[in-house]
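Now for the letters of each chain:
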Amino acid sequence: MARGILRAAVSRVCLILVLSFAAHAYGDPGKDLFDKQCSGCHTVGGGDSGGPDLKGVTDRRSEEWLESIIIHPDAMAATDPARKELIKKYGYEMPTLGISHDDAIKIIAWLRGGGGGAAQAGAPPADEHPEVVVTPALVAKGKALFTGQKPLANGGAPCIACHRISTPGITGGNLAVSNLSASYQKMGEKGMRGALKALKFPTMKKIYENRPLTDDEVTSLIALYKDAALTKSTPSASFFPAYGAGTFVVFLVGLTLYKRRTR
């Protein structure tokens, strides 16, 4: 009798251990969903990227609000003040990704749990990609990819089909869609890389679903956007207004002297 009870206890402990190891092996479904659907624009403890850092978001927002913005952000864009502020800050609306209610709950549950040990400890996740160093060769390649002069490896449409950019040598693009040099300034390199890798926006998702950009193409395009953003922010642009004002002052002085001599 005692031996049977002991065997049953041992079997139960073994079952618990097996289930525990299985849970670790398969991972957290909320984390898996976050990595697949959200990590292109968000971090948990790694700082703002294409969108806000979501560390502690379950303390700042209600579960209902989080469900709404994950499931149908487009329905909130025109009515929710917090949503409007996010659009103003990051320069674009969060795309509707087709996430179900059950999956949204799993993502929120994972975020409520701290989003993993690294985030709880306050250590930002390591960036696997080094910062892009802008070179003339990389910018030239980025321009060729942006305009379609060099086709994308997997057959996707060139960026200029939908976007514009403020940089010398490139004209055209859809004026109704975001300017990518301005988007880079708002999103930063990490956010832009995530957006180009994820391509979650509705139109982009349809175009690039089976035609993802390669890492090399992403790096070249980032070099172009980064160069355009840096060029736009340099103070040299203010030289021309100052030059014009100076010329005008010299002209007035010359005119005054001329009138005095002709009197």
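Counting from 1, residues in each chain are numbered in the order their sequence is written. In keeping with the model being predicted, local features are shown solely for residues with a pLDDT of at least 70 and side-chain atom pairs are shown and tallied solely at 80 or more, while totals for entire chains, interfaces and linings include all residues. Where side-chain values are given, they derive from all heavy atoms of the structure, hydrogens and water being excluded.

Draft legend 1. Geometry of the environment of L196. Tracing the sequence through the fold places L196 in helix α10 (residues 180-198). Contact definition: two residues touch when any of their heavy atoms are within 4.5 Å. Excluding its chain neighbours within four sequence positions, the residues that come into contact with L196 are L213, V218, L221, I222 and Y225. Helix and strand definitions follow DSSP, with helices as H or I runs of at least four residues and strands as E runs of at least two, each counted in order from the N terminus.

Draft legend 2. Structural context of the packing of helix α2 (residues 29-38) against helix α7 (residues 101-112). The geometry of α2 relative to α7 is characterised by a closest axis approach of 8 Å and an angle of 105° between their N-to-C directions. Taken as axis vectors, α2 and α7 run roughly perpendicular relative to one another. Seen from α2, the contacting residues are P29, G30, K31, L33, F34 and C38; seen from α7, they are D103, K106, I107, W110 and L111. In the scheme used here, Gly and all other residues not listed as nonpolar or charged are polar, with Ala, Val, Leu, Ile, Met, Phe, Trp, Tyr, Cys and Pro taken as nonpolar and Asp, Glu, Lys and Arg as charged. Here the contact of α2 with α7 is built from residues that sort into seven nonpolar, one polar and three charged. Orientation is described by lines fitted to C-alpha atoms, with helices fitted over the stretch in contact, and by angles between N-to-C directions that extend from 0 to 180 degrees. Each angle is binned into one of four classes, with values under 35 degrees roughly parallel, values over 145 roughly antiparallel, values of 65 to 115 roughly perpendicular, and all other values oblique.

Draft legend 3. Examining the nonpolar core more closely. Among buried residues, the Ala, Val, Leu, Ile, Met, Phe, Trp, Tyr and Cys ones that are joined through side-chain atoms within 4.5 Å form a nonpolar core. Only protein chains enter the accessibility calculation, which uses a 1.4 Å probe. A residue is then buried if its area is under 20% of the maximum for its type, exposed if over 50%, and partly exposed in between. Formed by 52 residues in total, the largest nonpolar core has its most connected members in F146 and Y225. Per-element tally for this core: the top contributor is helix α12 (residues 215-233), with eight residues. Here F146 is in contact with P158, C159, I160, H163, R164, I165, I170, L180, L221, L224 and Y225, once residues within four sequence places are set aside.

Draft legend 4. Quick look at helix α9 (residues 136-147). Between its terminal C-alpha atoms α9 stretches 16 Å, which fits the 16 Å expected from twelve residues at 1.5 Å a residue. Those residues of α9 that sit buried are L138, V139, G142, A144, L145 and F146. Just past α9, the residue G148 takes up positive phi, approximately 90°. Residue count minus one, scaled by 1.5 Å, sets the expected span of a helix.

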